[in-house]
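In case you want the letters, here they are:
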Amino acid sequence: MTTIAMHIPDGFLDIPVSLLTYVISAAILALAVVKSRRDLDDKTAPLAGLTAVFVFAAQMINFPVGAGTSGHLIGGALAAILVGPWVGMLVISVVLVVQALLFADGGLTALGANVLNMAVVATVVGWLVFRLGVRFVKGRGGAAIVAGVAGFLSVPASAMAFVIEYAIGGTAPVSLTAVAAAMGGVHLLIGIGEGVITGLVVATVLASRPDIVFGVRGTGLAKPVVRPEAVAV
Amino acid sequence: MKRILIIGGLVAVVLAALVSFYASSHPDGLERVAGDYGILDTAQDSATSTSPLADYSVSGVANDRLSGGAAGLLGVVVTAGAAFGLFYAVRRRS
């Protein structure tokens, strides 16, 4: 049997930190639901649904990152760029809830922390990096590269969020600097995969429907591609 | 939009149902570090570990390819139901 994606399981974090991350994540997601109303309409709601489905599927594909280790997409940066940071948080949260409830991937008491690290931190960092960087590039290719950089940086950011949680409420006595270095190192490698996938998917959507990509709104890239078959859909 | 939904949906189904079988079976970054530093021993089974779909396999289906593929396909369907349901419910009505 193949080992698959592992989010934080139950037992890694103590009860106080588990509760704290639940409260923080719940508050942020509640805000995200309110904010998402503005960003979701008949055109963007299906794209958000599709993004969740794609992220769920892509997270099943662990890719090797050298010496006996693998990584998988988080998808926070991708979701933020495609549907915006607030809706993006909800996209990744839906995936994490389905994984925890149905597939026992990620613990139930750890769900708050998993949501905080992957649905909130990765999404926000990915979004900020993309919006900051996209001003300095021209064209779809440039935007796709910035998307890749956003995806790349979102992964070590997410890993560091775990390290902070572990520093506060980890259940095993470990050297935090060693764990931080190891987590940072391996997630920089995994971030390369995240960046490649994020860049490729954003490039693909930009090539066919740049007008629906939330992250390029207000830039010259957002104009619809003038092509009969694309206009017809 | 319809075209993106169809193509994107097909890509997701192929990834979850077929390509997932060829995914790396090595521990992921977190599991690897947790194993190296003695954190992994503190992991406890999730309350959902007895789910018939736990660990992305359908319990009772012996064939790994079939079991994992069906679990992936079911995951895509459930994720789609939850996500499309949520986002259509929250959206602005025009």
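Residues numbered from 1 in each chain as written. Chains lettered and ligands numbered in written order. Predicted model: local features only at pLDDT ≥ 70, side-chain atom pairs only at ≥ 80, totals over all residues.

Here we take up the overall build of chain A. When helices and strands are tallied, chain A shows eight helices and two strands. Element order for chain A, N to C, with α for helix and β for strand: α-α-β-β-α-α-α-α-α-α. Expressed along its principal axes, the backbone C-alpha trace of chain A runs to roughly 60 × 40 × 35 Å. Looking at chain A alone, contacts between residues at least 24 apart form 76% of all its contacts between residues at least 6 apart. (Helix = DSSP H or I, 4+ residues; strand = E, 2+ residues; numbered from the N terminus. Contact = placed C-beta atoms within 7 Å.)

Counting its regular elements, chain B contains three helices and zero strands. Relative to the 2.2 N^0.38 estimate, which gives 12 Å for 94 residues, the radius of gyration of chain B is 17 Å and therefore markedly larger than a compact globule would have. Its C-alpha atoms give chain B principal-axis dimensions of roughly 55 × 30 × 25 Å. Expressed as a percentage of the 94 residues in chain B, the buried residues total 35%. Across chain B, the fraction of contacts at a sequence separation of at least 24, relative to all contacts at a separation of at least 6, is 46%. (Rg over C-alpha atoms; globule rule 2.2 N^0.38 Å. Buried ≥ 20, exposed ≤ 12 C-beta atoms within 10 Å, placed from the backbone.)

In this assembly, 65 residues from chain A lie in contact with 59 residues from chain B. For the side of chain A that touches chain B, the elements supplying multiple residues, two or more each, are helix 1 (15–39), helix 2 (44–59), strand 1 (63–64), strand 2 (70–71), helix 4 (85–103) and helix 7 (176–208) of chain A. Top contributing element to the side of chain A that touches chain B by residue count: helix 2 of chain A, with eleven residues. Considering only residue class, the side of chain A that touches chain B consists of 44 nonpolar, 15 polar and six charged. (Nonpolar A, V, L, I, M, F, W, Y, C, P; charged D, E, K, R; others polar.)

Residues and elements named next belong to chain A. Between helix 3 (residues 76–83) and helix 4, the least distance of the axes is 7 Å, while the angle of their chain directions is 135°. Taken together, the axis directions place helix 3 and helix 4 in an arrangement best described as oblique. With respect to the hand of their crossing, helix 3 and helix 4 are arranged in right-handed fashion. Within the contact between the two elements, helix 3 uses G76, A79, A80 and V83 and helix 4 uses P85, V87, G88, V91 and I92. Here the residues of the contact of helix 3 with helix 4 sort into seven nonpolar, two polar and no charged. (Axes fitted to C-alpha atoms, helices over the stretch in contact; angles between N-to-C directions. Parallel < 35°, antiparallel > 145°, perpendicular 65-115°, else oblique. Left-handed = near helix turned anticlockwise from the far one by under 90°.)

Grouped together as the largest cluster of nonpolar side chains are 104 residues, with contacts concentrated most on V55(A), I81(A) and V91(A). Among residues more than four places away in sequence, those in contact with V55(A) are L73(A), G75(A), L78(A), A79(A), V91(A), I92(A) and V95(A). (Core = buried A, V, L, I, M, F, W, Y, C linked by C-beta atoms within 7 Å.)

A positive phi angle, close to 55°, is found at A104(A), a residue other than glycine. Exposure remark for A104(A): the 22 C-beta atoms within 10 Å place this residue in the buried category.

The next subject is the packing of helix 2 of chain A against helix 4 of chain A. All names here are of chain A. Between helix 2 and helix 4, the least distance of the axes is 9 Å, while the angle of their chain directions is 45°. Between helix 2 and helix 4, the crossing angle belongs to the class labelled oblique. The chirality of how helix 2 crosses helix 4 is right-handed. Mapping the contact onto sequence places A48, T51, A52, V55, F56 and Q59 in helix 2 and V87, V91, I92, V94, V95 and V98 in helix 4. Split by residue class, the contact of helix 2 with helix 4 holds ten nonpolar, two polar and no charged.

Turning to the environment of F136(A), a few remarks are in order. Along the chain, the position of F136(A) falls in the loop between helix 5 (111–134) and helix 6 (139–169). You can call F136(A) exposed: it has 8 C-beta atoms within 10 Å.

Now for helix 5 of chain A. Residues and elements named next belong to chain A. Between its first and last C-alpha, helix 5 extends 32 Å over 24 residues, near the 34 Å set by a 1.5 Å rise per residue. Bending of helix 5 peaks at approximately 25° at the position of V121. Buried residues dominate helix 5, accounting for 20 of its 24 residues. (Expected span 1.5 Å × (residues − 1). Bend = angle between axes of the 7 residues up to and from the residue.)

Structurally, the position occupied by I8(A) is in the segment before helix 1. Note: C-alpha distance between I8(A) and A110(A) (102 residues apart in sequence) is 6.1 Å. Setting aside residues no more than four positions away along its own chain, I8(A) makes contact with L13(A), G106(A), G107(A), A110(A), A113(A), N114(A), F162(A) and L30(B).

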